[in-house]
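Architecture at a glance
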Amino acid sequence: MADVYPNASGITTGPIEGSRKVFSSTESGLHVPFRRIELTNGEHLDVYDTSGPYTDDSTTVDVHSGLLRTRAGWQDGREHNTQLGWAKTGAITREMEYIAHREGVSPEFVRDEVASGRAVIPANRCHPESEPMIIGKNFLVKVNANIGNSAVTSSVEEEVEKMVWATRWGADTVMDLSTGKRIHETRERILRNSPVPIGTVPIYQALEKVGDPADLTWEIYRDTVIEQCEQGVDYMTVHAGVLLRYVPLTAQRVTGIVSRGGSIMAAWCLAHHKESFLYTHYSELCEILRAYDVTFSLGDGLRPGSIADANDRAQFAELETLGELTHIAREHDVQVMIEGPGHVPMDKIAENVRLEEELCGEAPFYTLGPLTTDIAPAYDHITSGIGAAMIAQAGTAMLCYVTPKEHLGLPNRDDVKTGVITYKIAAHAADLAKGHPRAQERDDALSTARFEFRWTDQFNLSLDPDTARAFHDETLPAEPAKTAHFCSMCGPKFCSMKITQDVRKYAEEHGLTSVEAIEAGMAEKSEEFTRTGGEVYLPLAAKE
Ligand code: IRN
Ligand code: FE2
């Protein structure tokens, strides 16, 4: 288990226990990574893999030189265009071909989903280290993990390790929300070492440059966006839907404006009594993002921050504006996804997806949970995991994780893992419910292993093999327990799975069906009962 601890440079490398990295070639020879889970019965299962070269035994990763720039030559000989631009002309890019192989669908299906705007491929051409992936409701549900330092804690190295750590457990994208010192440098190290798309909220760095929201200008913001585009940021949260006239709509709320970016823009609008520069300069912004193929993640600056504020006028007024901005971006061939809430009770979740799809032309929805109740700080990965599973089933394409530290502090390494695993559960539960053709393979493989008491396989097929194994070994650490036909939950005599297996074995030996076997077994027992005296309570002496 040494692999789960960071190496000398502070980065966690090495295969996940019981798995190894394999590559599968597309028609034109692109190498697509998968994680192969080797089973003790000689079978194996290949699963989607987000972890990049860090889990590959045969590569050593040097975080100072960065990952291979695999996509660097992919656009050679072609004029620069966005994935949306190519898709509209009918062209299938290498990114689309790679994604089709990764998701198990046809390249033409990928192209069509991108062309319609129902899916996005966040892949800045200045981030050639990234492995292409897609976000859209007709693909596997994706998970984003937020990392980043704040004014009070953490170093550049720690943030790179958090990115590696999050992708190890399955984060499909990572957002660097750094607000403290060395923002540029932290982001540079993350980008050069990241196999997944990186998102940011440029207004945070712009604010860091000026200090006070009122001192922000379009020019400072624009230059910050260009700086980040040049570095290779793949998607950017832009809170362009927070309009001056919407700010008063939040006055009566229980929790007002809870979005960081939303509150910055609201403060600017009020200070100048002017319309947001993000809104008034939006077309210019589209042209900048287009040049790098950076994807918009239109921010929900007015999302509800409490159950009381869910689905209110402020939230839906902003969503209408996001719809308008989606259509403008698409005219510029810029890809768009839409950020969503927040805090929403279960009965108000479906309405969010319905409205988003209607107003924003089915642009991929990307939500923060939502938390389904406000009463459990320290457990908000669970309050929000419930909402995340529900909203994903309803059609949300990517889930922004919430860690146990939400509302309480900056997440550490353990919180990051708990957040990612919780959200992988929500995403996978939605994939199953939506009938994704291959999602159930893993459930079936794990259940079969469980039924056949292949404990090691049960651990290795799970989302978190280390914890599953550790929990099992807490009570039955001995090696023979790895093949035992019971665990400490019910003990050897009461294991339902063992009893079922006994029934099946009896049936086989006596040439019966399981139902007949149960009946025959019952008759045998009843005969034995009568033969031994027919007493319900045995005399004391007969007891052992
Ligand atoms: C996702 C959906 N709604 C919000 N998010 C994420 O929240 C967003 O992508 C970013 O990572 C984080 C903080 O956003 P605010 O608070 O600046 O809106
Ligand atoms: Fe919250």
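Provided above is the structure to which this section pertains.
Computed from a predicted model, the values in this text were never measured in an experiment. Counting restarts for each chain, with residues numbered from 1 along the sequence as it is written. Written order decides the labels, with chains lettered from A and ligands numbered from 1. Local features in this predicted model are restricted to residues whose pLDDT is 70 or higher, and side-chain atom pairs enter the listing and the counts only when it is 80 or higher, whereas totals over whole chains, interfaces and linings include all residues. Just so you know, side-chain values use all the structure's heavy atoms and leave hydrogens and water out.

**So, the overall build of the protein**
- The secondary structure listing takes helices from DSSP runs of H or I that are at least 4 residues long and strands from runs of E that are at least 2 residues long, numbered from the N terminus. Helix and strand counts for the protein come out as 19 helices and 13 strands.
- The quantity called the radius of gyration is restricted to C-alpha atoms. Its globule counterpart is 2.2 Å times the number of residues to the power 0.38. For 544 residues, the compact-globule estimate of 2.2 N^0.38 gives 24 Å, and the C-alpha radius of gyration of the protein, at 27 Å, lies within 12% of that figure.
- Along the first, second and third principal axes, the C-alpha set of the protein runs to 95 × 55 × 45 Å.
- In this scheme, a residue with accessible area under 20% of its type's maximum is buried, one over 50% is exposed, and one in between is partly exposed, where area comes from a 1.4 Å probe on protein chains only. Expressed as a percentage of its 544 residues, the buried residues of the protein come to 54%.
- Computed with the Shrake-Rupley method and a 1.4 Å probe, the accessible areas treat only the protein chains shown as cover for residues. Carbon together with sulfur atoms contributes 56% to the accessible area of the protein, which is approximately 23,500 Å² in total.
- Taking the average location of the 52 positive side-chain charges in the protein and that of its 81 negative ones, the two points are 1 Å from each other. When charges are counted, Lys and Arg contribute as positive and Asp and Glu as negative, whereas His and the chain ends are disregarded. The atom standing in for a charge is NZ when the residue is Lys, CZ when it is Arg, CG when it is Asp and CD when it is Glu.

**Quick look at the coordination of the iron ion (ligand 2)**
- Around the iron ion (ligand 2), the protein contributes the donor atoms His343 (NE2) and His407 (NE2), which lie 2.1 to 2.2 Å from the metal centre. Residue histidine 343 is found in the loop between β11 (336-340) and α12 (349-359), and its partner histidine 407 is found in the loop between β13 (398-400) and α14 (413-433); the two are separated by 64 residues along the sequence. Keep in mind that water is not among the atoms, so a site may look incomplete; donors are the N, O and S atoms within 2.8 Å of the metal, or 3.2 Å for Na, K and Ca.

**Observations regarding empty space enclosed by the protein**
- The pocket and cavity definitions rest on a 1 Å grid over protein atoms only: a 1.4 Å probe that fits but cannot leave marks a cavity, an open set with protein on both sides within 12 Å along at least five of seven lines marks a pocket, and residues lining either have an atom within 4 Å of a point. Grid points are joined across faces, edges and corners, and a volume is the space filled by probe spheres set on the points. Evaluation of the coordinates by the stated rule reveals six cavities of 30 Å³ or more.
- The space that makes up the largest cavity amounts to roughly 90 Å³.
- For the lining of the largest cavity, the secondary-structure elements that each account for two or more residues are α11 (313-331) and β11.
- Top element by residues in the lining of the largest cavity is α11. It accounts for five residues.

**Quick word on the nonpolar core**
- The criterion is simple. A nonpolar core is a set of buried Ala, Val, Leu, Ile, Met, Phe, Trp, Tyr and Cys residues joined through side-chain atoms within 4.5 Å. Ranked by size, the top nonpolar core spans 100 residues in total, and within it Tyr221 and Phe296 carry the most contacts.
- Contacts are assigned to residue pairs with any non-hydrogen atoms lying within 4.5 Å of each other. Excluding anything up to four places from it in sequence, tyrosine 221 contacts Pro202, Ile203, Ala206, Thr237, Val238, Phe277, Leu278 and Leu285.
- Formed by 13 residues, the second largest nonpolar core is a distinct cluster that contains Ala87, Ala91, Ala119 and Phe139.

**Observations regarding the site of ligand 1**
- Lining the immediate environment of ligand 1, one finds 17 residues, of which Tyr204, His239, Ser259, Arg260 and Arg303 sit closest.
- Two N or O atoms form a polar contact when they lie within 3.5 Å of each other; inside protein one atom must be a possible hydrogen donor and the other a possible acceptor, and for residues adjacent in sequence the pair counts only when both atoms belong to side chains. Within the backbone of glycine 261, one N or O atom sits 2.9 Å away from an oxygen atom of ligand 1.
- Protein coverage of the free-state accessible area of ligand 1, which is 420 Å², stands at 97%.
- Among the cavities detected, the one that contains ligand 1 is the second largest pocket.
- The dominant element in the shell around ligand 1, judged by the number of residues it contributes, is strand β12 (residues 365-368), at three residues.
- Looking at side-chain class alone, the shell around ligand 1 contains six nonpolar, seven polar and four charged residues. The near set for a molecule or strand comprises every residue that places at least one heavy atom within 4 Å of it. Molecules are considered to sit inside a cavity or pocket once more than half of their atoms lie within 2 Å of its grid points. Note on residue classes: Ala, Val, Leu, Ile, Met, Phe, Trp, Tyr, Cys and Pro are nonpolar, Asp, Glu, Lys and Arg are charged, and everything else, Gly too, is polar.

**Some points on helix α4 (residues 156-168)**
- Across its 13 residues, α4 extends 19 Å between first and last C-alpha, which sits within 8% of the 18 Å expected from 1.5 Å per residue.
- Burial analysis of α4 places 11 of its 13 residues in the buried class, the great majority of the element.
- If you check which residues of α4 are buried, you get Val156, Glu159, Val160, Glu161, Lys162, Met163, Val164, Trp165, Ala166, Thr167 and Arg168.
- Structurally, α4 contributes buried residues whose contacts are with β6 (142-147), β7 (173-176), α5 (183-193) and α14.
- Downstream of α4 by a residue or two, glycine 170 has a phi angle that is positive, lying close to 115°. A helix is expected to reach a length of 1.5 Å times the quantity of its residues less one.

**Here's the deal with the environment of serine 263**
- Along the polypeptide, serine 263 turns up in helix α8 (residues 260-272).
- Given a relative accessible area of 31%, serine 263 falls into the partly exposed group.
- Residues serine 263 and histidine 239 lie 24 residues apart in sequence; the distance between their C-alpha atoms is 9.6 Å.

**Some thoughts on the pairing of strand β9 (residues 235-238)**
- Burial along β9 is two-sided: Tyr235 and Thr237 and Met236 and Val238, pointing in opposite directions, are all buried.
- Between any two strands, at least two bridges found by DSSP are needed for them to pair. As judged from the four bridges shared by β9 and strand β10 (residues 295-298), these two strands associate in the parallel manner. Bridge assignment links threonine 237 to a residue of β10, and that residue is serine 297.

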